[in-house]
Structure formats: C-alpha cells, structure tokens
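# Chains, contacts and geometry: an overview
Here's the letter readout for the chains.
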Amino acid sequence: MNTREEVGEFSKLVNGFMTLMRRFIFKVLCVGPIPNHISFIMDGNRRFAKKHNLQGLDAGHRAGFVSVTYVLQYCQDIGVPYVTLYAFGIDNFKREPEEVKSMMDLMLEKIEFTIDQAISGNLKDLKVIFAGDMNLVNERLKVAAQRLMELTEENRGLVVVVIVAYSASHEIVQAIRESCVRKCKGGDSPQVLEVSDVEECMYTSIVPDPDLVIRSGGIDRLSNFMTWQSSRSLLHTTAALWPELGLWHLVWAILKFQRMHDYLQKKQKLD
C-alpha cells in the first residue's frame, strides 16, 4: 500500500469515527428538550475574509455558505423542525453597489444550484421558504426563489426560512398596513385591530416563533431581526464568525437552551 492509499484509508477511519461521535452527541442531546425553531443571524462573513486575506467581494460570503450547509445538516440530524437564516437585510442595500451586486449574484448562484438539487431529487427532506420584501430584489432572483419554493413545497422534513430584503421595522409596518386593509374590507363599521391580526400578516407567519436565536460574530444584538417574534426567545451569541461556526457552537447553544428551558416556559405562561 503506497502513501496515498494509506492516507485515504486513514481519512476514511477518521471520518467514520467523527460520524459515530456526532451520532452519539446528538442522541445525548436529544434526551433534553430540542428547540422547535432556531433562527441564525449570520454575522462575520466580511471579517472572516479580512482575517484570512481572502480576495473577492463575495469571498467571505462563499465561505459562509459552506457553514450554512453544515448547520442545516446538523439541525436536521438533531431533529430541529424549523430553521431561519438571516441572509440579507434591507440595511445591506446601503453597502457599496459592487458588494450588493456580488451578494445578489452569489445568492442567485446558490439558489439555482439548490434548484438543480431539488429537480434531481436530493432535497426530499428539505422545504425552502423565502420571506421578506422580495419586491426589493431583482426579477431573476425573485423568480428563482419562487421556483425553489414551488419545487420543495410538498417536501416533509426540515423547513428552512431564508430571510431576504428584511428588517423587523419594515415587516411590522407592512403587517399593520395589510391587517388594516383586511379589516376595512369588513364594512363601514368600526373595526378593532388585534395582535393576532398583525401577526397573521408578518412575513414569517407561516412558521412558529423562534425558541432560540443564535448570532455569530460576538455582537449581542438582534440588528432589527425578528424583534416581534423573538420577544420570548433565548438569544445566544458566539464569538465565532459565521464561516467558523461548527458543531460544537451549535451543541453549546442548544445545551444553554436546555438549561434555560424551564425558565423560558414559565415566562411564556406568565405572558
């Protein structure tokens, strides 16, 4: 056996051992309560590119996409039903036009790749939903997102909500506006606007509120992300930049959620 074959065999052994370790960790983790919905604020792509001297406006975001694939697989293996990814905020449109274009092009590239995966039957356990003001993105991206949603609409398994062209303040304003329009259709008599009316018009009304919000990049704030829906959520911040986020960061966040679970449940009952 030559050196290359020995390295290949060793790599197989290591990968097999790591797979067994992950399965063992997930089984232990599943003894406690698992979040029904985890939201991720994917911060730190640009800092990662700068840290590692990566060239190209989209270099950090490309590295971040690799983390997305791993994180989704981990969540699926653990048994998390819903995952939300904060992909692009309305405030991101204020960045340099060249960077905005590179991010839109990268997003389109990855959506089209995922469409090919869906057509080939490799996404049967994944349902993808895009949420946000999709009228703010270019037509090609909008059409591709709609196509991917249609292809995965009947899938059962992990539901992934990709948040694009979004801010919580924008969402709340449009939800109140839409709920008022709906109420006014009821006639000329005075109408009472309920909290439930507004919530039904939220971009993310199709999924439950998040139990756990995980933010990478070491900053303890929501950045105008799902402030309404996450009022009862546990916020966990990790210093790891998004492309650096790995299995242990996710496990640690879920362990923290499990430690706080009874407290969170009591708070929800009081509310």
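This text gives an overview of the structure that appears in the document. (Residues numbered from 1 in each chain as written. Predicted model: local features only at pLDDT ≥ 70, side-chain atom pairs only at ≥ 80, totals over all residues. Heavy atoms only, no water.)

A tally of helices and strands in the protein yields 8 helices and 6 strands. Along the protein, helices and strands appear, N-terminal first, in the series α-β-α-α-β-α-β-α-β-α-α-β-β-α. For 271 residues, the compact-globule formula gives about 18 Å, and the C-alpha radius of gyration of the protein, at 20 Å, lands near that figure. Each of the three principal axes of the protein carries a C-alpha extent, and together these read 85 × 45 × 35 Å. The proportion of buried residues among the 271 residues of the protein is 44%. Taking all contacts inside the protein whose residues are at least 6 apart in sequence as the whole, residues at least 24 apart take part in 77%. Approximately 15,400 Å² of the protein is accessible, and the part contributed by carbon and sulfur atoms is 55%. (Helix = DSSP H or I, 4+ residues; strand = E, 2+ residues; numbered from the N terminus. Rg over C-alpha atoms; globule rule 2.2 N^0.38 Å. Buried < 20%, exposed > 50% of the residue type's maximum accessible area, 1.4 Å probe, protein only. Contact = heavy atoms within 4.5 Å. Areas by Shrake-Rupley, 256 points an atom, 1.4 Å probe, with all protein chains shown as cover.)

Right, let's talk about helix α3 (residues 59-78) for a bit. Over its 20 residues, α3 runs 29 Å from end to end, which matches the ideal 28 Å to within 8%, given 1.5 Å per residue. When α3 is considered as a whole, its buried residues turn out to be A59, G60, H61, A63, G64, S67, V68, V71, L72, Y74, C75 and I78. Positive phi shows up at G79, right after α3, with a value of about 105°. (Expected span 1.5 Å × (residues − 1).)

Burial analysis of strand β3 (residues 126-131) places 5 of its 6 residues in the buried class, the great majority of the element. For β3 and strand β4 (residues 158-166), the ladder comprises 6 bridges, and the chain directions are parallel. Its bridge partner lying in β4, V128 is registered against V160. (Pairing = 2+ DSSP bridges.)

For the rest of this paragraph, the subject is the side chain of H61. Its place among the elements puts H61 in helix α3. Here N45 takes part through its side chain, which lies 3.3 Å from a polar atom of the side chain of H61. (Polar contact = N/O pair within 3.5 Å; in protein donor to acceptor, adjacent residues only side chain to side chain.)

Moving on: the nonpolar core. Generally speaking, nonpolar side chains in soluble globular proteins are found buried as a group. Grouped together as the largest cluster of nonpolar side chains are 66 residues, with contacts concentrated most on F40, F130, V164 and L250. Sorting elements by how many residues they give to this core places β4 first, with 9 residues. With residues near it in sequence (within four places) discarded, L250 still touches I38, F40, Y74, C75, I78 and I214. (Core = buried A, V, L, I, M, F, W, Y, C linked by side-chain atoms within 4.5 Å.)

For the rest of this paragraph, the subject is the layout of surface pockets. Each pocket or cavity is described by its volume, and for the largest pocket that value is around 1,400 Å³. What lines the largest pocket is a set of 49 residues, and nearest its centre among them are M42, V68, L85, Y86 and A87. If you list the elements that add at least two residues to the lining of the largest pocket, you get α2 (45-51), α3, β2 (82-89), α4 (97-119), β3 and β4. When the residues that make up the lining of the largest pocket are grouped by side-chain class, the tally is 26 nonpolar, 13 polar and 10 charged. (1 Å grid on protein atoms, 1.4 Å probe; cavity = no way out; pocket = protein on both sides within 12 Å on 5 of 7 lines; lining within 4 Å. Points joined across faces, edges and corners; volume = space filled by probe spheres on them. Nonpolar A, V, L, I, M, F, W, Y, C, P; charged D, E, K, R; others polar.)

As a further point, take the pattern of salt bridges. Tallying each qualifying case throughout the model produces 13 salt bridges. The closest approach of N and O atoms between R46 and E99, which form a salt bridge, is 3.3 Å. In this pair, R46 is assigned in helix α2 and E99 in helix α4, connecting sequence segments 53 residues apart. One network of salt bridges, with partners in common, ties together D58, R62, E109 and K110. (Salt bridge = Lys/Arg side-chain N within 4 Å of Asp/Glu carboxyl O.)

All right, on to the environment of I90 then. Position of I90 relative to the elements: it lies in the loop between β2 and α4. With near-sequence residues (within four places) excluded, I90 lies in contact with L136, A165, Y166, S167 and H170.

Strand order in the open sheet formed by 6 strands is β3-β4-β2-β1-β5-β6, with parallel pairing between adjacent strands. Each end of this open sheet is capped by a strand with a single partner; those strands are β3 and β6 (234-237). The mean angle between the axes of side-by-side strands here comes to 20°, regardless of whether they run parallel or antiparallel. Inspection of the sheet shows strand β1 (residues 37-41) paired to strand β5 (residues 212-215) by 4 bridges, in the parallel sense. Each residue of the ladder has a partner; that of I41, found in β5, is R215. Against the sheet, α4 makes contact with β2, β3 and β4, and its axis sits at roughly 145° relative to β2, the strand it touches most. (Axes fitted to C-alpha atoms, helices over the stretch in contact; angles between N-to-C directions.)

On their own, these measurements won't tell you what the molecule is for.
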